[in-house]
Amino acid sequence: MTTAAVARAARVLHAGGLVAFPTETVYGLGADASSTVALARLYAVKRRPVDHPVIVHLGDPDQLDAWGRDISDDARLLAVSCWPGPLTIVVRRNERRVSDAVTGGRDTVGLRVPDQPLALDLLREFDGGIAAPSANRFGHVSPTTAAHVRADLADDVDAILDGGPCAVGVESTIVDCSGDRARVLRQGGITLARLAGVLGREIHEAGDGEGPDAPGRLAAHYRPRARVVVVGHSEAAIAAAEDLLVGGARTGLLAPAPLPADLPSGLEIVGAPADAEEYARVLYRCLREADDRALDVLIAVPPAPGGIGAAVGDRLRRAAAN
Ligand code: TXA
Ligand code: MG
């Protein structure tokens, strides 16, 4: 269904403007993927180095062949099985359609069909590819509500579509299918178990230093102002909190429920998600809340590493990196 807001957003994109829109993972900052002028503005607003590629969002899995070339069987299988969904597939690019401005000069392009009704309405109304990184300034925490986008980008964005809080809460899983062997470049909304189920074999995350440099893989990323300290379990969190509080640091806790009963007084509870899915949904809001509360330190206990817990643990480690 095309509402007036979606129709207007599509016009803004056609005119070379920037539109923030919800996806099931995080909010994206969209630009017409076929306009180098619009892409230049996107990179400027995002304050992102121009050699870092952006994902092109498509309205229909059928468009894989129009934007990529030499599509592998793995890529095709993943697209058919997981799109629309929180999966980005990196394939060799169709040079006639995908410019260096999208790929940072690489011969490959990241493609994804998001599973979010407003995003799909926008893509279909716009009738083209929308290049979109997460709608935050480079290196900051990704936005999962329209209010987060406004807080970060203010007047630098020409329109914001508000679809409420994102259902998944962490970014898409990225699989590089441009080479001989499919590899995971970033863990995210689609689990490695699901990918293995689709491909009929195990698939692994590329080691650090392996594969193309990508901003999502920089050690220090997704960072709030507060220092993030990751500890393995709640007992260790309590010990760390006691030391920090004695030292006068304003300290918060984000840890899986149930929280221990004997928490030190003065420790601020920022979040206590019930399971890994809820943890993913609230993660970025909690990192922002640490700053809203002017915490010096946020102590975070990751969820169990299975399923989407792996992506949550990954983002927490990057938030904690110096
Ligand atoms: O869930 C998501 O993927 C969100 C929503 C908005 O779709 N987007 C997102 O975009 O997280 P961004 O730009 O914040 O992160 C995209 C990641 C970056 O790490 C980028 O380097 C990588 O995708 N990427 C894009 N194209 C690539 C390519 N051709 N080869 C390798 N990595 C690529
Ligand atoms: Mg990002």
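Right above here is the structure, for reference.
In short, a report on the structure. Quick caveat, the model's predicted, so the values are computed rather than measured. (Residues numbered from 1 in each chain as written. Chains lettered and ligands numbered in written order. Predicted model: local features only at pLDDT ≥ 70, side-chain atom pairs only at ≥ 80, totals over all residues. Heavy atoms only, no water.)

## A few points about the site of ligand 1
Now for step 1: Residues in close proximity to ligand 1 total 25 residues, the closest being T25, R48, H57, S172 and R186.
Now for step 2: Take T25: an N or O atom from its side chain is 2.7 Å from an oxygen atom of ligand 1.
Now for step 3: Between an oxygen atom of ligand 1 and a side-chain N or O atom of R48, the distance comes to 2.8 Å.
Now for step 4: Contact with the protein chains removes 97% of the 680 Å² of surface that ligand 1 exposes when unbound.
Now for step 5: Taken together, the elements giving at least two residues each to the shell around ligand 1 come down to β3 (55–57), β6 (108–112) and β10 (183–186).
Now for step 6: Sorting elements by how many residues they give to the shell around ligand 1 places β6 first, with four residues. (Near = heavy atom within 4 Å. Polar contact = N/O pair within 3.5 Å; in protein donor to acceptor, adjacent residues only side chain to side chain. Areas by Shrake-Rupley, 256 points an atom, 1.4 Å probe, with all protein chains shown as cover. Helix = DSSP H or I, 4+ residues; strand = E, 2+ residues; numbered from the N terminus.)

## A look at the sheet that holds strand β11 (residues 227–230)
Now for step 1: With respect to topology, four strands assemble into an open sheet ordered β11-β14-β12-β13, the strand pairing being parallel. Edge positions in the sheet fall to β11 and β13 (268–271), since each of these pairs with one other strand and no more. Going across the sheet, the axis of each strand differs from the next one's by a mean of 30°, ignoring polarity.
Now for step 2: Two strands pair when backbone bridges link them, and β11 and strand β14 (residues 297–300) are joined in this way by four bridges, in the parallel orientation. Within β14, the residue paired with V228 across the bridge is L298.
Now for step 3: Across the sheet, helix α11 (residues 309–320) lies against β11 and β14, angled at about 130° from β11, the strand it touches most. (Pairing = 2+ DSSP bridges. Axes fitted to C-alpha atoms, helices over the stretch in contact; angles between N-to-C directions. Contact = heavy atoms within 4.5 Å.)

## A short note on the layout of surface pockets
Now for step 1: Estimated volume of the second largest pocket: approximately 330 Å³.
Now for step 2: Within the residue set of the lining of the second largest pocket, elements represented by two or more residues are α7 (146–153) and α10 (276–292).
Now for step 3: Tallied by class, residues from the lining of the second largest pocket come to five nonpolar, two polar and eight charged.
Now for step 4: Each of domain 1 (4–199) and domain 2 (227–320) contributes no fewer than three residues to the lining of the second largest pocket. (1 Å grid on protein atoms, 1.4 Å probe; cavity = no way out; pocket = protein on both sides within 12 Å on 5 of 7 lines; lining within 4 Å. Points joined across faces, edges and corners; volume = space filled by probe spheres on them. Nonpolar A, V, L, I, M, F, W, Y, C, P; charged D, E, K, R; others polar. Domains from an automatic or database assignment.)

## Side note on the nonpolar core
Now for step 1: The biggest cluster of nonpolar side chains holds 47 residues, and the ones touching the most others in it are L78, L87, I89, L111 and V175.
Now for step 2: Counting residues per element, the ones that place at least two in this core are β2 (28–32), α2 (36–46), α3 (64–67), α4 (73–82), β5 (87–93), β6, α7 and α8 (192–199).
Now for step 3: Take this core: its biggest share by element is five residues, from α2.
Now for step 4: L78 has contacts with W83, L87, I89, V175, C177, L195, V198 and L199, leaving out every residue within four places of it along the chain.
Now for step 5: Within the second largest apolar cluster, 26 residues are counted, among which are V170, A280, L283 and Y284. (Core = buried A, V, L, I, M, F, W, Y, C linked by side-chain atoms within 4.5 Å. Buried < 20%, exposed > 50% of the residue type's maximum accessible area, 1.4 Å probe, protein only.)

## A short note on the pairing of β6
Now for step 1: Extensive coverage of β6 is indicated by the burial of five of its five residues.
Now for step 2: Of the two faces of β6, the one carrying T108, G110 and R112 and the one carrying V109 and L111 are both buried.
Now for step 3: Inspection of the sheet shows β3 paired to β6 by three bridges, in the parallel sense. Bridge assignment links V56 to a residue of β6, and that residue is L111.
Now for step 4: Pairing geometry for β5 and β6, over four bridges, is antiparallel. Within β6, the position partnered with R92 by the bridge is T108.

## Focus: the packing of α10 against α11
Each pair of packed helices can be summarised by the angle the axes make with each other and by the distance between the axes.
Now for step 1: Remark: α10 packs on α11, axes separated minimally by 9 Å, with the N-to-C direction vectors making an angle of 25°. Judged by the angle between their axes, α10 and α11 are roughly parallel. As for how α10 packs across α11, the hand of that crossing is left-handed. Between α10, through A276, Y279, A280, L283, Y284 and L287, and α11, the contact on the second element is made entirely by G309, V312, R315, L316 and A319. (Parallel < 35°, antiparallel > 145°, perpendicular 65-115°, else oblique. Left-handed = near helix turned anticlockwise from the far one by under 90°.)

## As for the packing of α4 against α8
Now for step 1: With their axes 10 Å apart at the nearest point, α4 and α8 run at an angle of 115° to one another. Relative to α8, the crossing made by α4 is right-handed. Residue-level contacts link D74, L77, L78, S81 and C82 of α4 to R194, L195, V198 and L199 of α8.
Now for step 2: Within the contact of α4 with α8, the residues separate by chemical class into six nonpolar, one polar and two charged.

## A few points about the pattern of salt bridges
If the charged atoms of two oppositely charged side chains come close together, the side chains can form a pair.
Now for step 1: For the coordinates displayed, the defined rule picks out 20 salt bridges.
Now for step 2: Note that R92 and D107 form a salt bridge whose closest N and O atoms lie 3.4 Å from each other. In this pair, R92 is assigned in strand β5 and D107 in the loop between α5 (100–103) and β6, connecting sequence segments 15 residues apart.
Now for step 3: Relative accessible area serves as the criterion here: at 29%, D107 is assigned to the partly exposed category.
Now for step 4: For E268, the salt bridge identified is with R250, shortest N-O distance 2.9 Å. With E268 in strand β13 and R250 in the loop between α9 (234–246) and β12 (251–254), the pair connects residues that are 18 residues apart, well separated along the chain.
Now for step 5: Classification of E268 by relative accessible area gives buried; the value is 18%.
Now for step 6: Assessed through its relative accessible area of 41%, R250 is described here as partly exposed.
Now for step 7: A cluster of three or more residues bridged by salt bridges with shared partners is formed by R69, D70, R92, R93, E95, D100 and D107. (Salt bridge = Lys/Arg side-chain N within 4 Å of Asp/Glu carboxyl O.)

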